[in-house]
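Next come the chains, spelled out residue by residue.
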Amino acid sequence: MKHANIAFFIPHNGCQNQCSFCNQRSIVGQQAQPAPQQITETLLEAAKQMGDRAREAEVAFFGGSFTAIDLQYQEQLLLAAFPFIRKGLFRGIRISTRPDAISPEILQRLKAFGVTAIELGAQSMNDRVLNLNQRGHTARDVENAARLIKEYGFSLGLQMMTGLYGSSLADDWSTARSFVLLRPDTVRIYPTVVMKHTPLAALYESGVYQPLDVTASVELCAQLLQLFERNHIPVIRLGLHDSPQLRRDMLAGGFHPAFRELCESSIFLQRLTQRLNREKVPAGRILVSVFPKELSIAIGQKKSNLLALARNGYSAKVEADPSLAPGQFRVKSMME
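Right, let's walk through the structure included here. The model shown is predicted, which means the values in this text are computed figures rather than measured ones.

So, about helix 2 (residues 36-50). Within an α-helix, residues lying three or four positions from one another point in the same direction, as the helix has 3.6 residues per turn. Taking 1.5 Å of rise per residue, the 15 residues of helix 2 would be expected to cover 21 Å, and the 21 Å separating its terminal C-alpha atoms lies within 8% of that figure. Of the surrounding secondary structure, the elements contacted by the buried residues of helix 2 are strand 1 (5-9), strand 2 (58-62) and helix 3 (71-86). In the segment just after helix 2, G51 is the residue with positive phi, at about 60 degrees.

On to the pattern of salt bridges. Enumeration according to the criterion identifies 13 salt bridges in this entry. Note that R94 and E58 form a salt bridge whose closest N and O atoms lie 2.7 Å from each other. Here E58 lies in strand 2 and R94 lies in strand 3 (residues 92-97), a separation of 36 residues in the sequence. Take R94: its relative accessible area is 3%, and that puts it in the buried class.

This part covers helix 7 (residues 169-182). Taking 1.5 Å per residue as the helical rise, helix 7 with its 14 residues ought to reach 20 Å, and the 20 Å between its terminal C-alpha atoms agrees with that figure. By the burial criterion, the buried members of helix 7 are D171, D172, W173, T175, A176, F179, V180 and L182. Looking at the buried side of helix 7, the elements it contacts are strand 4 (115-123), helix 5 (127-132), helix 6 (139-151), strand 5 (155-162), strand 6 (186-191) and helix 9 (214-230). In the segment just after helix 7, R183 is the residue with positive phi, at about 55 degrees.

The topology assignment puts L287 in strand 10 (residues 284-290). C-alpha of L287 to C-alpha of A316: the two residues are 29 residues apart in sequence and 5.9 Å apart in space. Residues within four places of L287 in sequence aside, it is in contact with K317, E319, R330, V331, K332 and M334.

Core analysis: the biggest nonpolar cluster contains 66 residues, and F61, F90, L110, I118 and F228 have the highest contact counts within it. Sort the elements by how many residues they give to this core and helix 9 lands first, with eight residues. Non-local contacts of F228, meaning those with residues more than four positions away in its chain, are made with M160, A176, F179, V180, V187, I189, I233 and V235.

Counted according to the given criterion, the structure contains six aromatic pairs. Here the aromatic cluster, defined as three or more aromatic residues joined through ring pairs, consists of F8, F61 and F66. It is K111 that lies over the ring of F154; its NZ or CZ is 4.5 Å from the centre. Geometry around F329 places R275 over its ring, the cationic atom sitting 3.9 Å from the centre.

Okay, the packing of helix 7 against helix 9 next. At a minimum axis separation of 10 Å, helix 7 and helix 9 run at an interaxial angle of 20 degrees. As judged from the angle between their axes, helix 7 and helix 9 are roughly parallel. Judged by the sense of rotation from one axis to the other, the crossing of helix 7 with helix 9 is right-handed. For the pair helix 7 and helix 9, contact is made by L169, D172, W173, A176, R177, F179 and V180 and by L220, Q223, L224, L227 and F228, respectively. Looking at the contact of helix 7 with helix 9, its residues break down into nine nonpolar, one polar and two charged.

A few words on the packing of helix 2 against helix 3. Viewed as axis vectors pointing N to C, helix 2 and helix 3 meet at an angle of 20 degrees, and their least axial separation amounts to 8 Å. Classed by the angle they form, the pair helix 2 and helix 3 counts as roughly parallel. Where helix 2 crosses over helix 3, the two elements pack in a sense that is right-handed. Here helix 2 contributes P36, I39, T40, L43 and L44 to the contact with helix 3, which in turn contributes Q76, L77, A80, A81 and F84.

Spatial ordering of the open sheet is given by 11-10-12, a layout of three strands whose pairing is mixed. The strands lining the two open edges of the sheet, one partner per strand, are strand 11 (314-320) and strand 12 (329-333). This sheet shows a mean twist of 20 degrees between the axes of neighbouring strands, independent of strand direction. Sheet topology note: the strand 10/strand 11 ladder contains seven bridges and is parallel. Note on strand 11: the bridge partner recorded for V290 is A320. The strands touched by helix 11 (residues 259-278) are strand 10, strand 11 and strand 12; relative to strand 12, the strand with the most contacts, the crossing angle is about 45 degrees.

Definitions and cut-offs
- Residues numbered from 1 in each chain as written.
- Predicted model: local features only at pLDDT ≥ 70, side-chain atom pairs only at ≥ 80, totals over all residues.
- Heavy atoms only, no water.
- Helix = DSSP H or I, 4+ residues; strand = E, 2+ residues; numbered from the N terminus.
- Expected span 1.5 Å × (residues − 1).
- Contact = heavy atoms within 4.5 Å.
- Salt bridge = Lys/Arg side-chain N within 4 Å of Asp/Glu carboxyl O.
- Buried < 20%, exposed > 50% of the residue type's maximum accessible area, 1.4 Å probe, protein only.
- Core = buried A, V, L, I, M, F, W, Y, C linked by side-chain atoms within 4.5 Å.
- Phe/Tyr/Trp six-rings, centres within 6.5 Å; stacked < 30°, edge-to-face > 60°.
- Lys NZ or Arg CZ within 6 Å of the ring centre and 35° of its normal.
- Axes fitted to C-alpha atoms, helices over the stretch in contact; angles between N-to-C directions.
- Parallel < 35°, antiparallel > 145°, perpendicular 65-115°, else oblique.
- Left-handed = near helix turned anticlockwise from the far one by under 90°.
- Nonpolar A, V, L, I, M, F, W, Y, C, P; charged D, E, K, R; others polar.
- Pairing = 2+ DSSP bridges.

As structure tokens, then:
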């Protein structure tokens, strides 16, 4: 089953400083902090609607630094969710937090309240980039927190951002490779998006900073996705969630509502092109057969893959084939 969660957002709560890129209320489209009663009511409804599928889903607290929020409120949220975990209605509790807000004492408390997965907003493993973006922690903090989280038996998630202010492509690749060495259970990749009312917006509007656009972000993130897949590390999110508030307040950057599909389509085109070259398939009409659920990925957004093939002399027809497994495809020439 795909990664699934019932997410609650605590925008900016527990954040000790203003990161250059962050406007959580616009990104998640939420202003208020959730009340414990809201947690209970939402989970009751989710358990009812999802049925047996709920047992594979997690209750998740995102959008702030969970372990740095007021302890009383933190425990109220966990106490609202924990009965559902204890009864086996959901698989566990997932939280996101800062790398410098992890300690043995914190981890012991989280375990007592049913937390099973912890994601660290690392963003970069380059101290210069972290400092430029006002993160307030170091790469060593990420390494130390990741080690503790795994030692205490939690599932470890790491979050990275591509195209940050002051970061180069080489820096982004270095961050990804550092993640691989930390052996997380999951990874999220977020291309940087410039939001209004942030320090990054001022840098962008003054011409000091230019983010990667969608095309450049797709090219990079498609390669990073393959890096993590080769190392058997699931990428459970690729690109920001779409919302009206995000579209309203976004100035520039690598946002697309179907960003992951763009990356997967790019990867498919690369694999298909390599096979055409390897098997010396002549230009002309070809038939490409794919796993049914990957039909749109093979065709590409607005038929982008078909158009790219046409530029290389191939007139491609793509069909679904139920006999193929995910990731498999066949290609044959249809030359008369």
